[in-house]
Amino acid sequence: MSDQPRRTRPSGKPYRRPKKDPVRILAFEALRAVDERDAYANLVLPPLLRKAREKDDFDARDAALATELVYGTLRRQGTYDAVIATCVDRPLGEVDPPVLDVLSLGAHQLLGTRIPTHAAVSATVELARVVLGDGRAKFVNAVLRKVAQHDLDGWLERVAPPYDEDPEDHLAVVHSHPRWVVSALWDSLGGGRAGIEELLHADNERPEVTLVARPGRATAEELLGEDAAVPGQWSPYAVRLTEGGEPGAIAAVRDGRAGVQDEGSQLVAIALANAPLDGPDRRWLDGCAGPGGKAALLGALAAERGATLLASEKQPHRAGLVARALEGNPGPYQVITADGTRPAWRPGSFDRVLVDVPCTGLGALRRRPEARWRRRPDDLEGFAPLQRGLLRTALESVRVGGVVAYATCSPHLAETRAVVADVLKQVPDTDLVDARPLLPGVPDLGDGPDVQLWPHLHGTDAMYLALIRRTG
Ligand SMILES: C[S@@+](CC[C@H](N)C(=O)[O-])C[C@H]1O[C@@H](n2cnc3c(N)ncnc32)[C@H](O)[C@@H]1O
């Protein structure tokens, strides 16, 4: 299977503004925005849904269906491309991108939802008529009739190479991930077929919304009063909204006492805060703080301990988001805009330091359905010097006896263990701290001393954490 998403040719023809079937039209518009403008589905969709909801004929069920159509079509794009490629008479790169979007939407309804076949085909052909015109609607009709000849399993048997011949290609097609991502995840996860299949499957599931009750400002009990809210699995501050819901409608979230935060991110902040320390525990640093999720939790934990947090972020607008996240923090803090590789502070002046470095985000594929198709193996080389530079500076910034947490939301070994190993070779008098006891009750943390969380094992993003102490 190709790792290249197929919409390489920009569309020359504008599509007509549609009038009917607002759900599919909205889904199509969202897919076009993701395709044409490199937009993020999770940013493009909410305003489109809000606008549609202002009209009487678009209700919550329509919004749920539109969301499912957009997210499902994007996640499953690799599988659907393989299917559609066998049903058209030319390479996918030669099919107009808007036509491919309509075909993918149709394929998702046929192969990935319970929408009856005739309804999926006729509604998609009608959509094609409105947004593409009659001629291309005929083409869509012909292709979708071929797609409808088999269910998903039937198609996978036909389009995926046998596992025994090419395990990675097989998994790439069946679970709709680029092949290089399958390889990288498998390298990091280790083990046999069952584990990687479970992980890839989990990447295609929509994650629950998890909230954090920022200590000293809100309690998990308070958030448990929300609809379908249950306690988090690992973090004492976490509450999961099992039926999704709108976090923005929750008072504690609106006024910043609580936030939306994956439990993996909460665990990183908690582990750093609880790492054993001899001597003073007064000054904490978050060296890559934007947009501020971990900084807000660290700030609240620091306040409980009478410590101060300095939250530093290179991008001014993201530093603004950090300032907003920390507003109302019960203890002292400061937010600055600074390059974390050229510290604006004295060396050795912090007791605890977090560097949650920029990375490929391959650990958060559940949340960003299009991300897997946008990332390239070359991206790793781009991040490598920055990740090393930020960790080196973090180690210089912490006092002797203090602790640095190096975190990524990617499990790729080139961004996790390779960075830590390289930097520790260069920086003398540093020791890895066993992070596992700092995540009490969390199973399957491997041999340590660093930890890698996984969606299929822990229900979290695949966050990586290494704790490093400066010893001399
Ligand atoms: C993975 S994000 C951090 C997420 C954050 N810890 C949170 O939980 O909300 C990495 C951040 O590092 C910032 N960054 C990139 N290069 C940087 C640099 N040289 N110095 C400091 N921050 C940098 C990015 O702008 C981005 O906001």
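Residues numbered from 1 in each chain as written. Predicted model: local features only at pLDDT ≥ 70, side-chain atom pairs only at ≥ 80, totals over all residues. Heavy atoms only, no water.

## What to know about the nonpolar core
- Among the nonpolar cores identified, the biggest contains 59 residues, and Val70, Leu103, Val140 and Val147 are the most heavily contacted of them.
- Per-element tally for this core: the top contributor is helix α1 (residues 22–36), with nine residues.
- Of all hydrophobic cores here, the second largest spans 39 residues; its members include Ala269, Ala289, Leu297 and Val403. (Core = buried A, V, L, I, M, F, W, Y, C linked by side-chain atoms within 4.5 Å. Buried < 20%, exposed > 50% of the residue type's maximum accessible area, 1.4 Å probe, protein only. Helix = DSSP H or I, 4+ residues; strand = E, 2+ residues; numbered from the N terminus.)

## Let's talk about the environment of arginine 470
- Mapped onto the elements of the fold, arginine 470 is located in strand β12 (residues 464–470).
- C-alpha of arginine 470 to C-alpha of glycine 402: the two residues are 68 residues apart in sequence and 5.9 Å apart in space.
- If near-sequence neighbours (up to four positions away) are discounted, arginine 470 is found in contact with Gly348, Leu395, Glu396, Val398, Arg399, Val400, Gly401, Gly402, Asp429 and Thr430. (Contact = heavy atoms within 4.5 Å.)

## Re the site of the ligand
- Contacts to the ligand come from 20 residues, most closely from Glu313, Arg318, Asp339, Gly340 and Asp356.
- Contacts to the ligand include aspartate 356, whose side-chain N or O atom sits 2.7 Å from a nitrogen atom.
- For the ligand, the protein covers 88% of the area, taking 600 Å² as the surface of the free molecule.
- Elements supplying a minimum of two residues to the shell around the ligand: α15 (293–304) and α18 (378–397).
- Looking at the shell around the ligand residue by residue, the classes come out as eight nonpolar, six polar and six charged. (Near = heavy atom within 4 Å. Polar contact = N/O pair within 3.5 Å; in protein donor to acceptor, adjacent residues only side chain to side chain. Areas by Shrake-Rupley, 256 points an atom, 1.4 Å probe, with all protein chains shown as cover. Nonpolar A, V, L, I, M, F, W, Y, C, P; charged D, E, K, R; others polar.)

## Digging into the domain arrangement of the protein chain
- Taken domain by domain, the protein chain consists of domain 1 (22–147), domain 2 (166–203), domain 3 (209–260) and domain 4 (264–470).
- For domain 1 and domain 4, the distance between their C-alpha centres works out to 39 Å.
- Facing 11 residues of domain 1, the contacting portion of domain 4 comprises seven residues.
- Of the roughly 810 Å² buried at the junction of domain 1 and domain 4 (both faces included), carbon and sulfur atoms supply 50%.
- Taken together, the connections running from domain 1 to domain 4 amount to one salt bridge.
- In this structure, the salt-bridge partner of arginine 374 is aspartate 38, at a minimum N-O distance of 3.7 Å.
- Remark: the boundary between domain 1 and domain 4 carries six residue pairs in polar contact (both at pLDDT 80 or more).
- Looking at the side of domain 1 that touches domain 4, the elements with two or more residues in it are α2 (41–53), α3 (60–75) and α4 (77–87). (Domains from an automatic or database assignment. Buried area = accessible area lost by both parts, 1.4 Å probe. Salt bridge = Lys/Arg side-chain N within 4 Å of Asp/Glu carboxyl O.)

## Description of the UniProt feature "domain: SAM-dependent MTase RsmB/NOP-type" (unreviewed entry) in the protein chain
- Under the UniProt annotation, the feature "domain: SAM-dependent MTase RsmB/NOP-type" (unreviewed entry) is placed at residues 185–471.
- For residues 185–471, the end-to-end C-alpha separation is 33 Å, with 34% helix and 21% strand making up the annotated structure. (UniProt positions renumbered as here; feature names shortened; annotations may be inferred.)

## A closer look at the pairing of β12
- Most of β12 sits inside the fold, with seven of its seven residues counted as buried.
- The two faces of β12 match: Tyr464, Ala466, Ile468 and Arg470 on one face and Leu465, Leu467 and Arg469 on the other face are all buried.
- Bridge count between strand β9 (residues 398–408) and β12: six bridges; the pairing is antiparallel. Looking across to β12, one finds that valine 403 is bridged to arginine 469.
- Where strand β10 (residues 430–433) meets β12, four bridges bridge the pair, whose relative direction is antiparallel. When the bridges of β12 are listed, leucine 432 appears paired with isoleucine 468.
- Judged from the two bridges that link them, strand β11 (residues 451–452) and β12 form a sheet pairing that is antiparallel. Note that in β12 the partner of glutamine 452 across the bridge is tyrosine 464. (Pairing = 2+ DSSP bridges.)

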